[in-house]
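Spelled out, the chains give:
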Amino acid sequence: MSIVFTRGQGTETRRARGGRARAALSPATIVSALVLLIAVAWALAPGLFTHFDPNDGGDTPALLAPSLEHWFGTDQTGRDAFTRVVYGASQSLLAALVAVGVGLIVGTTIGLIAGTRRGLIDDVLMRLIDVLLSIPAILLSLSIVVVLGFGTINAAIAVGVTAIAQFARLARSQAVQINTSDFVAAAYGSGGTFFSVLTRHILPNSISPVLSLAVLQVGSAILQISTLGFLGYGTPPPTPEWGLIIAEGRNFVATAWWLTVLPGLVVMAIVLATHQIGNTLRKVTS
């Protein structure tokens, strides 16, 4: 009977690995990875993709329709819209990474401490997380931006605060599960301190789903930061930022639809790509 069980277990393992490989190499995942690579390349080396100035249209006519020379047309001051989208990648992606970093570090720390210590500490920390969850994300981020002041980094911090609760709840659930494992009890029994057990055993064994959530949160952070930029609470003009670019073109929707539609499609494609990559990582690491 043990031989049959071993074979069955081996078959299930091979099937699981095959499913993970198919998820990692699916067309949707490959396309999503290419989209993200392009966005990262825009952020790192925008000059390789366009030769126009993002903040000066020069003598270029305003509100030109998309063409081979101006892929996304020109805006109300003659600036090349595609160039502004390309240069805006650095602002938007940097802000999204800062936001996710804030949520990941603070939220994971709170969740691990709450799930490991339990008792009163767990109750207090989780009630604070419940308060964060009870406030709409956009309202909380707007309130924080008003207190900190406008700007890319301040908007990123505000968005990051709204993500703390999700990271904390996920990290806590993982910590509670792992904290009851035999190897954790053995680590304490052999003289391990709370900090050493937390960093050597609980954190490494609970980080995979948290990192998958972090990738998913990049897309959500881009949307939230773009929303703040659209409302005028993000990067000040004329610095290109995706939300600001869409906001600047909203008054010309009837006559120059490309100023809002095309940048909006770019943002949508990048957000969908990050979600696809995040879901793939979750399947691969599960």
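Here the structure is a predicted model, which means the values were calculated and not measured.

Rules used throughout
Residues numbered from 1 in each chain as written. Predicted model: local features only at pLDDT ≥ 70, side-chain atom pairs only at ≥ 80, totals over all residues. Heavy atoms only, no water. Buried < 20%, exposed > 50% of the residue type's maximum accessible area, 1.4 Å probe, protein only. Helix = DSSP H or I, 4+ residues; strand = E, 2+ residues; numbered from the N terminus. Contact = heavy atoms within 4.5 Å. Polar contact = N/O pair within 3.5 Å; in protein donor to acceptor, adjacent residues only side chain to side chain. Salt bridge = Lys/Arg side-chain N within 4 Å of Asp/Glu carboxyl O. UniProt positions renumbered as here; feature names shortened; annotations may be inferred. pLDDT = per-residue confidence, 0-100. Patch = residues over 30% accessible without salt bridge, like charges linked within 9 Å, V, L, I, M, F, W, Y side chains within 5 Å. Areas by Shrake-Rupley, 256 points an atom, 1.4 Å probe, with all protein chains shown as cover. Phe/Tyr/Trp six-rings, centres within 6.5 Å; stacked < 30°, edge-to-face > 60°. Lys NZ or Arg CZ within 6 Å of the ring centre and 35° of its normal. Expected span 1.5 Å × (residues − 1). Arc of directions from axis to C-beta.

1. Topic: helix 9 (residues 242-249)
The buried fraction of helix 9 amounts to eight of the eight residues, a majority that puts the element mostly inside the structure. Of the positions making up helix 9, those classed as buried are W242, G243, L244, I245, I246, A247, E248 and G249. In this structure, the buried residues of helix 9 make contact with helix 3 (81-117), helix 8 (194-231) and helix 10 (258-285). Its side-chain oxygen placed 3.1 Å from the backbone nitrogen of G243, E241 serves as the N-cap of helix 9.

2. Some thoughts on the side chain of R79
Within the element layout of this structure, R79 appears in the loop between helix 2 (27-44) and helix 3. When near neighbours in sequence (up to four residues on either side) are disregarded, R79 contacts P54, N55, D56, G57, G73, T74, R84, P238 and E248.

3. Some points on the pattern of salt bridges
By the definition in use, this model includes six salt bridges. E248 is the partner of R84 in a salt bridge, and the nearest nitrogen-oxygen pair spans 3.4 Å. Here R84 is found in helix 3, whereas its partner E248 is found in helix 9, with 164 residues between them in sequence. Exposure remark for R84: the relative accessible area of 2% places this residue in the buried category. With a closest N to O distance of 2.8 Å, D122 and R172 form a salt bridge. Highlighted residues: D122 in helix 4 (residues 119-134) and R172 in helix 6 (residues 152-179), separated in sequence by 50 residues. Taken together, the shared-partner salt bridges in this structure form one network comprising D75, R79, R84 and E248.

4. Looking at the UniProt feature "transmembrane region" (unreviewed entry) in the protein
Using the residue numbers shown here, the UniProt feature "transmembrane region" (unreviewed entry) corresponds to residues 24-45, 93-116, 137-165, 185-203, 210-232 and 252-273. Measuring from the first to the last C-alpha atom of residues 137-165 gives 11 Å, for a span that is 90% helix and 0% strand. Taken end to end, residues 210-232 has its terminal C-alpha atoms 32 Å apart, with 96% of it in helix and 0% in strand.

5. Description of the confidence of the model for the protein
A low pLDDT means the predicted coordinates there should not be read in detail. Here the protein averages 87 in pLDDT, while 91% of its residues score no lower than 70. Mean pLDDT values over the elements of the protein span from 53, in helix 1 (residues 2-24), up to 94, in helix 2.

6. Brief notes about a nonpolar patch on the surface
On the surface, W257, V261, L265, M268 and L272 cluster together into a nonpolar patch covering about 480 Å² of accessible area. The exposure class assigned to M268 is partly exposed, which follows from its relative accessible area of 44%.

7. What to know about the packing of aromatic side chains
Evaluated as defined, the whole model comprises five aromatic pairs. With a centroid separation of 5.2 Å and an interplanar angle of 85°, the aromatic rings of F72 and F82 are classed as edge-to-face. Note that F72 is positioned in the loop between helix 2 and helix 3 and F82 in helix 3, a separation of 10 residues in sequence. Taken as a pair, F72 and F82 share a single burial class, namely buried. Taken together, the aromatic side chains of W42, W71, F72 and F82 make up a single cluster linked through ring pairs. Positioned above the aromatic ring of F230 is the side chain of R250, whose terminal nitrogen or guanidinium carbon lies 5.3 Å from the ring centre.

8. Quick look at helix 2
Because an α-helix completes one turn every 3.6 residues, residues spaced three or four positions apart along the sequence face the same direction. Counted at 1.5 Å a residue, the expected span for helix 2 with its 18 residues is 26 Å, and the 26 Å between its end C-alpha atoms agrees. Of the positions making up helix 2, those classed as buried are T29, S32, A39 and W42. One side of helix 2 holds all its buried residues, which, seen down the axis, span an arc of 145°. Exposed and oriented more than 90 degrees from the buried face of helix 2 are P27, L37 and L44.

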